[in-house]
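# Structural characterization, general
The primary structure of each chain is shown beneath.
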Amino acid sequence: MGTEVEAIAEGLPRGRKVDLIWQTVKGGWVVEDYYHFRGKKFTDTTRSLGQAKTGEDGRLSAHFKIPEDYGGVHELLVSDNGVPLAQGGIEVTQTFEMYPSEGPIGTPIELRVKGLGWRTMESTWVINWDNQEVGWVSATDTHGTAVARFRASGSVGEHQLRVLTGYMGQGYLNHEQAPNAYLPRPAFVFRVTPGSVAPSAYAEPYPRQPVPLSEAASEDGSLSVTPTQGPVLARASLTARGLPANTPVSIVWGTQEGSRVSGNGFAPKEVEIRKLTVGADGRLDTSVTIPNDLGGLHTVSIRSGGSTLARTYFVVETSVVSISPMSGPAGTPVSIHLKGVGWTDYDNIYVATYDNGYMGYACGFNSQGDVIVNFTAAGSPGIHLIDFYPGIYQGPEGSQQLYRLPQLTYADDHPGNHIPALRFAFEVTEPSHRRTAK
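### Describing the pairing of strand β29 (residues 357–363)
Here 6 bridges tie strand β28 (residues 349–354) to β29, and the two strands are oriented antiparallel to one another. Note that in β29 the partner of Y350 across the bridge is A362.

Right, here's the structure in full:
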């Protein structure tokens, strides 16, 4: 991207002002009915690169910079009032940059990518850290540009970072023999320096989530909730106007209940969380405690009998309850507790790595957003990192099955809701006593 290009065409109408047209696509991840992940979809489109004038000899020499766009082959057209006169092609290549190149254990690392393609074989890369897969990288919703985020782990010294092609979410090792061997396979070295993070547990900052507009049964009715998102058990203010005066009403919380694996499916569920009486002026000002429930979008409704007077929406954020214990010798049982894990195809799991090596995934739907992950501490004495990344639980079978794997470009390119990574650090200590061989 940004490369200066000279486009030359001959045999064109003389002395005409013509358009330079760049052919590309628009589209990205597809989510239906809020919770179904349907893969991705693109449609052809064009953009103007400007105009140029042909010479009296019918020759055109135009200059432009490759725009920020998906990678792969793009057609370039010379057009006169919508009529194509000449056509050429140019391949937009991928670029990868890593920042920083050194730092202690726990240093946030960014792999900045540009030019990832929309075609299947050019759309997905995989990051290996010291020959362990960390996760996959994509830029489907972001026109080929995104940032993969992970953390430095391991002993002091040099660590190898490889970026492999891997359209199914796993790295392709015999790259030279692959059908897409023309694609780059970058390599970087990160130097872990002395020092480290302390044992810790936190969620990265939560992006602002989109919510639908509130609804009301009457023209002058309104309902709002402040804030519109937060963790379970948070307090939120509810303000309603234009309700029937002096009417007993219920505040009703809408959620989902069930499972994708039990065979019984899932369905909407509503729970009354408070009873109130509307004021003589048709106003209602109160507060509610957000239920201990699934993450993601929920309805908050005001009901009178069987009638819904108003409805608004609240997004439950995933929150970290604890990691316990936070230190101990190798072999120590460790438990991580989360609340507010989601229920859709694209946010009902978190995928875990241990020192940048894939560990497994945890699902929050069957337990109504309450997730407890148990594992055993491993490794030499020192700090060890456990990272939980957003992933995709399931979707359409076919070209790509990027399911139950860590998505490192979660902040830019996750389907549906953009949810944060969760970060943990555990200290492996020296054993309290050493067994002596006899």
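Now that the structure is up, let's keep going.
### A closer look at the sheet that holds strand β13 (residues 157–165)
Judged by pairing direction, the sheet is mixed, and its 5 strands sit side by side in the order β8-β14-β13-β10-β11 without closing on themselves. Each edge of the open sheet is held by one strand with a lone partner, namely β8 (102–105) and β11 (132–138). Looking at each pair of strands side by side, their axes are set apart by 35 degrees on average, direction ignored. Here 6 bridges tie β13 to strand β14 (residues 187–196), and the two strands are oriented antiparallel to one another. Bridging from a neighbouring strand, Q160 pairs with V189 of β14.

### Structural notes on the packing of aromatic side chains
Under the defined criterion, the tally for this structure stands at 22 aromatic pairs. Their ring planes at 85 degrees and their centres at 6.4 Å tell us that F37 and Y403 sit as a pair that is edge-to-face. Linking F37 in strand β3 (residues 36–53) with Y403 in the loop between β31 (382–390) and α1 (410–413), this pair joins segments that are 366 residues apart in sequence. Comparing F37 with Y403, the two get one shared label, buried. Taking the centre distance of 6.1 Å and the plane angle of 55 degrees together, the rings of W343 and F365 count as tilted. Residue W343 is found in the loop between β27 (333–339) and β28, and its partner F365 is found in the loop between β29 and β30 (371–376); the two are separated by 22 residues along the sequence. This pair shows no difference in class: W343 is buried, exactly as F365 is.

### What to know about the sheet that holds β27
Read from one edge to the other, the open sheet built from 3 strands follows the order β25-β27-β30, with strand pairing classed as antiparallel. Strand pairing shows two members of the sheet lacking a second neighbour, β25 (319–324) and β30, which therefore form its edges. Mean inter-strand twist for the sheet, computed between neighbouring axes without regard to direction, equals 15 degrees. As paired elements, β25 and β27 share 5 bridges and run antiparallel to each other. Within the sheet, the bridge partner assigned to S319 lies in β27 and is K339.

About the criteria used
Residues numbered from 1 in each chain as written. Predicted model: local features only at pLDDT ≥ 70, side-chain atom pairs only at ≥ 80, totals over all residues. Heavy atoms only, no water. Pairing = 2+ DSSP bridges. Helix = DSSP H or I, 4+ residues; strand = E, 2+ residues; numbered from the N terminus. Axes fitted to C-alpha atoms, helices over the stretch in contact; angles between N-to-C directions. Phe/Tyr/Trp six-rings, centres within 6.5 Å; stacked < 30°, edge-to-face > 60°. Buried < 20%, exposed > 50% of the residue type's maximum accessible area, 1.4 Å probe, protein only.

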